[in-house]
Amino acid sequence: MKYEIKITKTTCPKERPQDESKLGFGRVFTDHMFIMDYSDEQGWYNGRIVPFGPLEIHPASTVLHYGAEIFEGMKAYRGATGEICMFRPMENIKRLNNSAERLCLPQLDEEGCLDILKTLVELEKDWVPRADGTSLYLRPYMFGNDPHLGVHAVHRATFVVICSPVGAYYAEGINPVKIAIESQDVRAVRGGTGYTKCGGNYAASLRAGERAEKNGYTQVLWLDGVERKYIEEVGSMNVMFKVNGKIITPALTGSVLPGITRKSCIELLKEWGYEVEERLFSVDELFEAAENGTLEEAWGTGTAAVVSPIGHLFYNGKEYTVSNNKIGALTQKLYDNLTAIQWGKAEDKHSWLVKVCNG
Ligand code: COI
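Residues numbered from 1 in each chain as written. Predicted model: local features only at pLDDT ≥ 70, side-chain atom pairs only at ≥ 80, totals over all residues. Heavy atoms only, no water.

*Asks:* Give me the lowdown on the packing of helix H2 (residues 89-102) against helix H3 (residues 110-123), citing residues and values where you can.
*Replies:* Remark: H2 packs on H3, axes separated minimally by 10 Å, with the N-to-C direction vectors making an angle of 120°. The orientation of H2 relative to H3 falls into the category oblique. Where H2 crosses over H3, the handedness of that crossing is right-handed. Where H2 approaches H3, its residues Pro-89, Met-90, Ile-93, Lys-94 and Asn-97 are matched on the opposing element by Glu-110, Glu-111, Cys-113, Leu-114 and Leu-117. A breakdown of the residues in the contact of H2 with H3 according to their chemical character gives six nonpolar, one polar and three charged. (Axes fitted to C-alpha atoms, helices over the stretch in contact; angles between N-to-C directions. Helix = DSSP H or I, 4+ residues; strand = E, 2+ residues; numbered from the N terminus. Parallel < 35°, antiparallel > 145°, perpendicular 65-115°, else oblique. Left-handed = near helix turned anticlockwise from the far one by under 90°. Contact = heavy atoms within 4.5 Å. Nonpolar A, V, L, I, M, F, W, Y, C, P; charged D, E, K, R; others polar.)

*Asks:* Any details on the nonpolar core? Residues and values, ideally.
*Replies:* In this structure, Trp-44, Leu-108 and Phe-159 are the most contacted members of the largest nonpolar core, which totals 38 residues. For this core, the element with the highest residue contribution is H3, accounting for six residues. Leave out the neighbours within four places in its chain, and Leu-108 touches Tyr-3, Met-36, Trp-44, Leu-96, Asn-97, Cys-113, Met-142 and Phe-159. Within the second largest apolar cluster, 26 residues are counted, among which are Ile-179, Phe-241, Ala-289 and Ala-305. (Core = buried A, V, L, I, M, F, W, Y, C linked by side-chain atoms within 4.5 Å. Buried < 20%, exposed > 50% of the residue type's maximum accessible area, 1.4 Å probe, protein only.)

*Asks:* Hey, could you go over the domain arrangement of the chain for me, with residue numbers and the actual values?
*Replies:* Domain boundaries assigned for the chain yield domain 1 (6-171) and domain 2 (177-326). A separation of 27 Å is found between the C-alpha centroids of domain 1 and domain 2. Approximately 1,900 Å² of surface area, both sides summed, lies buried where domain 1 meets domain 2, with 59% of it carried by carbon and sulfur atoms. Linking domain 1 with domain 2 are two salt bridges, by the criterion used here. The tally of links between domain 1 and domain 2 comes to 11 residue pairs in polar contact (both at pLDDT 80 or more). Elements with a contribution of two residues or more to the side of domain 1 that touches domain 2: strand S4 (69-71), strand S5 (74-78) and H2. (Domains from an automatic or database assignment. Buried area = accessible area lost by both parts, 1.4 Å probe. Salt bridge = Lys/Arg side-chain N within 4 Å of Asp/Glu carboxyl O. Polar contact = N/O pair within 3.5 Å; in protein donor to acceptor, adjacent residues only side chain to side chain.)

*Asks:* Pulling in residues and values, what's your account of the pairing of strand S17 (residues 318-321)?
*Replies:* The sheet contact formed by strand S16 (residues 306-315) and S17 spans four bridges and is antiparallel. Note on S17: the bridge partner recorded for Leu-313 is Tyr-320. Counted along the chain from S16 to the antiparallel partner S17, the turn is two residues long, and its residue Asn-316 has a positive phi close to 45°. (Pairing = 2+ DSSP bridges.)

*Asks:* How would you sum up the site of the ligand? Please name residues and give values.
*Replies:* Within the structure, the ligand sits among Phe-25, Arg-139, Tyr-169, Lys-197, Tyr-202, Ser-236, Gly-302, Thr-303 and Ala-304. Lys-197 places a polar side-chain atom, nitrogen or oxygen, 2.4 Å from an oxygen atom of the ligand. Residue Ala-304 places a main-chain N or O atom 2.8 Å away from an oxygen atom belonging to the ligand. Starting from 280 Å² of accessible surface for the ligand in isolation, the protein chains cover 89%. For the shell around the ligand, a count of residues per class yields four nonpolar, three polar and two charged. Lining the shell around the ligand are residues from two domains, each supplying at least three of them: domain 1 (6-171) and domain 2 (177-326). (Near = heavy atom within 4 Å. Areas by Shrake-Rupley, 256 points an atom, 1.4 Å probe, with all protein chains shown as cover.)

*Asks:* How would you summarise the side chain of Asp-146 if you had to cite specific residues and measurements?
*Replies:* Topologically, Asp-146 is positioned in the loop between strand S7 (135-144) and strand S8 (156-166). No salt bridge is formed by the buried Asp-146, whose closest oppositely charged neighbour, Arg-156, lies at an N-O distance of 5.1 Å. A distance of 3.1 Å separates the side chain of Asp-146 from the backbone nitrogen of Arg-156, its partner in a polar contact. Sequence-distant contacts of Asp-146, that is, excluding residues within four places in its chain, are made with Ala-60, Ser-61, Thr-62, Val-154, His-155 and Arg-156. (Lys, Arg positive; Asp, Glu negative; His and termini not counted.)

*Asks:* Before we move on, can you summarise unusual backbone geometry with the specific residues and values?
*Replies:* Phi angles above zero are rare outside glycine, and Cys-104 is one such case at about 55°. Mapping Cys-104 onto the fold places it in the loop between H2 and H3. Residue classification places Cys-104 among the partly exposed positions, given a relative accessible area of 43%.

*Asks:* So, the environment of Ala-80: which residues are in play, and what are the values?
*Replies:* Note on placement: Ala-80 falls in the loop between S5 and strand S6 (83-87). Take Ala-80: its relative accessible area is 56%, and that puts it in the exposed class. With 263 residues separating them in the primary sequence, Ala-80 and Trp-343 have C-alpha atoms 6.2 Å apart. Dropping the residues within four chain positions of it, Ala-80 is found in contact with Trp-343, Gly-344 and Lys-345.

*Asks:* Describe the packing of helix H5 (residues 260-271) against helix H7 (residues 329-342), and please don't skip the residues or the numbers.
*Replies:* Packing of H5 against H7 leaves a shortest axis separation of 11 Å and a crossing angle of 110°. Here H5 is positioned roughly perpendicular relative to H7, judged by the angle of their axes. Between H5 and H7, the contacting residues are Thr-261, Ser-264, Cys-265, Leu-268 and Leu-269 on the first element and Leu-330, Leu-334, Asn-337 and Leu-338 on the second. Of the residues belonging to the contact of H5 with H7, the class tally is six nonpolar, three polar and no charged.

Now the structure itself:
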């Protein structure tokens, strides 16, 4: 099902960034955005692409008081062949609907949502950057918008998509990051919203992230909320370890986000013959491996940074160096292979790319 998309083009297009090597992450936005409203009575209605600008929001809106908000992060790439493609967009759309179900927000028609994304990216195609390692980051998000203060499931909502040309997520780029293991705050608990991409999960993560940064670390490694023992995620990414030749990554127990980069890495690793264990992995087991020399590599996976090597781990007053603080061979291979597919430089054997338009 396709949604109505009324297009109003901007009359004053912005100047695009001259130096794409300095884009950073999420600071520059394109000329247009998509907005669509929802009510129980009308379903989704008034889909429109309008000039990028502030949203008008009722001061009592559900999102402002009770945090009913979910989002996705995905990218459009200018490929080596000149085509503009998205990477596994249906996975993001399905996860958006799973998040919506948990937060009592309305469902989107999957094909309709893909059509919205394609229409917006095609309109903004000149904003898809060309420099190596850059892409157009798409941020679809949905929020509850009932104009009253009762705590109830959402009856009115808004769906928005904004686009931002981006480079590397971390200032370190693909260089190893320093990670502190967080033993005080938790990001999510089973039965809560950890498996969804809702704003609240990220709000809960900010204090620990700030603390880590003040102490000279890039991000934190999250432990489970009950026993504070099992590793869950790193910063806003999934995490993987190479221990004694095998790959270990935390199982999707309900408090861990089912990452699309995580899923893609697992698929590639299995194809390359690695044994991948998705299971509970305790911080004690991690440090035992670090101490006995079997921890070979550690890395985060996510849409924004793709693959991010971990060079240092700090826990309980002790600091461990991973892979001599260098990007490990397998981490590099994953990064190279995944990005080669994303930028159309390698054969897309899995049909992960969805063409939007010619560039
Ligand atoms: C991702 O890498 O997929 C993320 O979710 C990061 C984003 C919250 C900035």
